[in-house]
Amino acid sequence: MSNPDTITENGKTHTLGALPKKAFHEMTGLDIFERMMAGELPAPPIMVHSNIRMKDFTEGRAVFTGLPAKEFLNPLGTVHGGWISTLIDTALSCAVHTTLKPGEFYTTTSLTVNMVRPLLPTSGEVICEGRIVHRGSRLATSEGDLKDANGKLIAHGTVSCMIMKPS
């Protein structure tokens, strides 16, 4: 029987849930992702239902993979733009997250997605990379692209994030 509060991949079980507040106060954003990848901190529950997975993180860069499925189809039979936008928002915003200092947190304030070709449920795994363009004390922007398994561009976008410190 599967546990709805965990996901097991590559022999490693990850707890799902929100990060403990203590993590934001004591760790950098990059440290948080390294601990998530190691299974030491909870991973976001949205990963399970959206078929989005963490792949790689360095400061100012986040990479996620996604597996399009028939559950994400629009009426025309292509993958819904909302799923594509979710994957792009995830990778680009998490690129900002990797730059956070202990005590900082963020929220997306704007998302622009440009879809350049349809994504089909038979396309196989896609990869989305987000990269920091600007990181200020209160605002950060990132850009990135979503490509299919053959390296063909599916969509690209930008994200702006407000950086905050708890009061």
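This report concerns the structure included in the present document. (Residues numbered from 1 in each chain as written. Predicted model: local features only at pLDDT ≥ 70, side-chain atom pairs only at ≥ 80, totals over all residues. Heavy atoms only, no water.)

Structural notes on helix α2 (residues 29-37)
Two residues of an α-helix separated by three or four positions point the same way, owing to the 3.6 residues in each turn.
Link 1 in the chain: Of the positions making up α2, those classed as buried are Gly29, Leu30, Ile32, Phe33 and Met36. Buried residues of α2, seen end-on, are gathered within an arc of 155° and therefore sit on one face of the element.
Link 2 in the chain: Tucked inside the fold, the buried residues of α2 contact β2 (12-15), α1 (21-26), β3 (52-58) and α4 (81-97).
Link 3 in the chain: Directly after α2, the chain includes Gly39, whose backbone phi takes a positive value near 80°. (Buried < 20%, exposed > 50% of the residue type's maximum accessible area, 1.4 Å probe, protein only. Helix = DSSP H or I, 4+ residues; strand = E, 2+ residues; numbered from the N terminus. Arc of directions from axis to C-beta. Contact = heavy atoms within 4.5 Å.)

A closer look at the pairing of strand β7 (residues 139-147)
Link 1 in the chain: One ladder, built from 8 bridges, connects strand β6 (residues 126-135) with β7; its direction is antiparallel. Looking at the pairing, Gly130 lines up with Gly144 of β7.
Link 2 in the chain: Pairing of β7 with strand β8 (residues 153-164) involves 9 bridges; the strand directions are antiparallel. Paired with Ser142 across the bridge in β8 is Val159.
Link 3 in the chain: In this structure, the hairpin formed by β7 and β8 is closed by a connection of 5 residues, where Gly151 is found at a positive phi of approximately 85°. (Pairing = 2+ DSSP bridges.)

With respect to the nonpolar core
Link 1 in the chain: Ranked by size, the top nonpolar core spans 40 residues in total, and within it Met54, Phe57, Phe64, Trp83, Ile84, Leu87 and Leu146 carry the most contacts.
Link 2 in the chain: At the level of secondary structure, the elements contributing two or more residues to this core comprise α2, β3, β4 (61-66), α4, β6, β7 and β8.
Link 3 in the chain: Leave out the neighbours within four places in its chain, and Leu146 touches Ile84, Leu87, Ile88, Val126, Ile127, Cys128, Lys152, Leu153, Ile154 and Ala155. (Core = buried A, V, L, I, M, F, W, Y, C linked by side-chain atoms within 4.5 Å.)

Focus: unusual backbone geometry
Among all residues except glycine, the phi angle is most often negative; among peptide bonds, the trans geometry is most common.
Link 1 in the chain: With phi around 55°, Asn51 is a residue other than glycine that occupies positive phi space.
Link 2 in the chain: Along the chain, Asn51 falls in the loop between α3 (46-50) and β3.

Let's talk about the environment of Ile163
Link 1 in the chain: With respect to the secondary-structure elements, Ile163 resides in strand β8.
Link 2 in the chain: Take Ile163: its relative accessible area is 4%, and that puts it in the buried class.
Link 3 in the chain: Along the primary structure Ile163 and Phe105 are separated by 58 residues, whereas in three dimensions their C-alpha atoms are 5.9 Å apart.
Link 4 in the chain: Among residues more than four places away in sequence, those in contact with Ile163 are Leu100, Glu104, Phe105, Tyr106, Arg135, Gly136, Ser137, Arg138, Leu139 and Ala140.

A look at the layout of surface pockets
Link 1 in the chain: Estimates place the volume of the largest pocket at around 350 Å³.
Link 2 in the chain: Looking at the lining of the largest pocket, the elements with two or more residues in it are α2, α3, β3, α4 and β5 (105-115).
Link 3 in the chain: A class-by-class count of the residues in the lining of the largest pocket yields 13 nonpolar, 5 polar and 1 charged. (1 Å grid on protein atoms, 1.4 Å probe; cavity = no way out; pocket = protein on both sides within 12 Å on 5 of 7 lines; lining within 4 Å. Points joined across faces, edges and corners; volume = space filled by probe spheres on them. Nonpolar A, V, L, I, M, F, W, Y, C, P; charged D, E, K, R; others polar.)

A short note on the sheet that holds β6
Link 1 in the chain: If you walk across this open sheet you meet the 6 strands as β3-β4-β6-β7-β8-β5, and the pairing is antiparallel. Two strands bound the open sheet, and with one partner strand each, they are β3 and β5. When strand polarity is set aside, the average angle formed by the axes of neighbouring strands in this sheet is 20°. (Axes fitted to C-alpha atoms, helices over the stretch in contact; angles between N-to-C directions.)

A short note on the environment of Arg117
Link 1 in the chain: Mapped onto the secondary structure, Arg117 falls in the loop between β5 and β6.
Link 2 in the chain: The partly exposed category is assigned to Arg117, whose relative accessible area is 34%.
Link 3 in the chain: Dropping the residues within four chain positions of it, Arg117 is found in contact with Lys152, Leu153 and Ile154.
Link 4 in the chain: Engagement of the side chain of Arg117 in a polar contact is seen with the backbone oxygen of Leu153, the distance being 2.6 Å. (Polar contact = N/O pair within 3.5 Å; in protein donor to acceptor, adjacent residues only side chain to side chain.)

Describing the side chain of Ser93
Link 1 in the chain: Structurally, the position occupied by Ser93 is in helix α4.
Link 2 in the chain: Of the residues examined, Ser93 reaches a relative accessible area of 4% and is grouped as buried.
Link 3 in the chain: Within polar-contact distance, the side chain of Ser93 engages the side chain of Asp89 at 2.9 Å.
Link 4 in the chain: Beyond its immediate stretch of four places on either side in the chain, Ser93 contacts Tyr106, Thr108, Ser142, Val159 and Cys161.

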